[in-house]
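Chains, contacts and geometry: an overview
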Amino acid sequence: MIGWLDGDVAFITGGGSGIGRAVALRFLQEGAHGVVIFDRSIEGVATLADEAGVVPDRVLALTGDVRSTVDLEAAVAAALDRFGAIDVLVPNAGIWDFNRSIHRTTSAEMAAICDELFDINVKGCVLTVSAAWRALVDSGGCIVMTLSNAAFYPAGGGPAYTASKHAIRGLVTQLAYELAPKVRVNGVAIGGLRTDLRGPESIGMGERSIEQSFAKRTGEPNMWLPLHDASSDPADSTGPFVLLASRRNASVITGAIINADGGIGVRGF
Ligand code: NAD
């Protein structure tokens, strides 16, 4: 059977957990020849090849920080050394601000949140592309960025997180323009997912996980969403990444963002 990503090599930041890991698994199941995971923690990657039913050599897990050009450039070099090309880049690593609103955050705290969150979510994304775009030009590849419902609507985070994801919308547009016609640049704006998404270390939220917020929920359908049963399992949000990564199925798509959030934009009031 032919997969949608047969023979491709993907480089995924933040692929050690959550949606990045689920995308890595799905890409392997869609025939990707290799997946490179770049994450500050790669413990969760050990069983990935086994879960996908592929030989371990098809997964390369590299520890690094998306704020470091040294780490990213070394990882791109290692990926090219192992697999010979990068076809799909998924800048995905990120943190959340746990809805820290302007009302309940001091100026000093907000400064710390903005510095750390923008460094990871925005600068980290730009630096990831800086390190890999030449390889993508060589392969005629593509970029699929991870956005959020917070890139379009309020209440998906506080001001810092929401602004950071709006910034990624700008990056999709600008980089689609700059890298055409060789490289397509698109994004997926996912909704709330049950992952290990953390907060800024600088205000003591580095060990807090969005999973704890989900754990409080009862398992009832989410009546707040038009698609009440929209799953919070990351695996169910991987399809749009596969579509946008696929040469065969998305060759005419660039500068686009798929909203994959259970229909938040049509919920009315
Ligand atoms: P996650 O914590 O499970 O995965 C994120 C990964 O990024 C982690 O493995 C983490 O180690 C890594 N990471 C964080 N900072 C890093 C850094 N400086 N350098 C390298 N790696 C780093 O969380 P997730 O929910 O899968 O988040 C992935 C993306 O999805 C993020 O961009 C997030 O904003 C976005 N998102 C998540 C949700 C949600 O509800 N979980 C909703 C919308 C968007």
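Parameters and conventions
- Residues numbered from 1 in each chain as written.
- Predicted model: local features only at pLDDT ≥ 70, side-chain atom pairs only at ≥ 80, totals over all residues.
- Heavy atoms only, no water.
- Helix = DSSP H or I, 4+ residues; strand = E, 2+ residues; numbered from the N terminus.
- Expected span 1.5 Å × (residues − 1).
- Contact = heavy atoms within 4.5 Å.
- Salt bridge = Lys/Arg side-chain N within 4 Å of Asp/Glu carboxyl O.
- Buried < 20%, exposed > 50% of the residue type's maximum accessible area, 1.4 Å probe, protein only.
- pLDDT = per-residue confidence, 0-100.
- Core = buried A, V, L, I, M, F, W, Y, C linked by side-chain atoms within 4.5 Å.
- Phe/Tyr/Trp six-rings, centres within 6.5 Å; stacked < 30°, edge-to-face > 60°.
- Near = heavy atom within 4 Å.
- Polar contact = N/O pair within 3.5 Å; in protein donor to acceptor, adjacent residues only side chain to side chain.
- Areas by Shrake-Rupley, 256 points an atom, 1.4 Å probe, with all protein chains shown as cover.
- Nonpolar A, V, L, I, M, F, W, Y, C, P; charged D, E, K, R; others polar.

**A few points about helix α3 (residues 69-83)**
When the terminal C-alpha atoms of α3 are compared, their 21 Å separation across 15 residues agrees well with the 21 Å that a helix rising 1.5 Å per residue should span. Buried residues belonging to α3 abut β1 (9-13), β2 (34-39), β3 (59-63) and α4 (107-139).

**As for the pattern of salt bridges**
The tally for this structure, following the rule as stated, stands at ten salt bridges. Across the pair Arg 247 and Asp 8 runs a salt bridge, and its minimum N-O distance is 2.9 Å. Residue Arg 247 is located in helix α8 (residues 247-250), and its partner Asp 8 is located in the segment before β1; the two are separated by 239 residues in the primary sequence. Arg 247 gets classed as partly exposed once you look at its relative accessible area, which sits at 35%.

**Some points on the confidence of the model for the protein**
Parts of the model with low pLDDT should not have their predicted coordinates read in detail. Taken over all residues, the pLDDT of the protein has a mean of 96, while the share at 70 or more is 100%. Overall fold confidence (pTM) sits at 0.98, and the ipTM for the predicted complex is 0.99.

**What to know about the nonpolar core**
Residues Phe 11, Ile 143, Met 145 and Val 185 are the most contacted members of the largest nonpolar core, which totals 46 residues. In terms of residues, this core owes the most to one element, α4, which gives ten residues. Excluding residues that lie within four positions of it along the chain, Val 185 makes contacts with Ile 143, Met 145, Val 172, Leu 175, Ala 176, Leu 179, Thr 254, Gly 255 and Ala 256. Ranked by size, the runner-up nonpolar core spans 29 residues in total, among them Ala 24, Val 45, Val 59 and Phe 241.

**Some thoughts on unusual backbone geometry**
Negative phi characterises most residues that are not glycine, and trans characterises most peptide bonds. In this structure, Pro 181 follows Ala 180 across a cis peptide bond, with omega equal to 5°. Here Pro 181 shows up in the loop between α5 (159-179) and β6 (184-190). Phi is positive for Phe 98, close to 50°, though the residue is something other than glycine. Summarising the element assignment, Phe 98 is placed in the loop between β4 (88-90) and α4. The residue Ala 155 is not glycine, and still its phi comes out positive at about 75°.

**Some words on the packing of aromatic side chains**
Tallying each qualifying case throughout the model produces four aromatic pairs. Both rings, one in Trp 96 and one in Tyr 161, keep their centres 6.5 Å apart while their planes meet at 80°; by these two values the pair is edge-to-face. Of the two residues, Trp 96 is situated in the loop between β4 and α4 and Tyr 161 in helix α5; the sequence distance between them amounts to 65 residues. Of the two residues examined, Trp 96 and Tyr 161, each falls in the buried class. Summarising the aromatic geometry, the rings of Phe 152 and Tyr 153 are spaced 6.0 Å apart at their centres and angled 40° between planes, so their arrangement reads as tilted.

**Let's talk about the site of the ligand**
Surrounding the ligand, one finds 27 residues, the nearest of these being Ser 17, Asp 39, Tyr 161, Leu 193 and Thr 195. Asp 65 is positioned with one of its side-chain polar atoms (N or O) 3.0 Å from a nitrogen atom of the ligand. The separation between a nitrogen atom of the ligand and a polar main-chain atom of Val 66 is 3.0 Å. Taking 810 Å² as the accessible area of the ligand by itself, protein coverage stands at 96%. Counting only elements with at least two residues in the shell around the ligand, the list comes to α1 (18-29), β5 (142-148) and α5. Among the elements that line the shell around the ligand, the one with the most residues is β5, at three residues. Looking at the shell around the ligand residue by residue, the class counts come to ten nonpolar, eleven polar and six charged.

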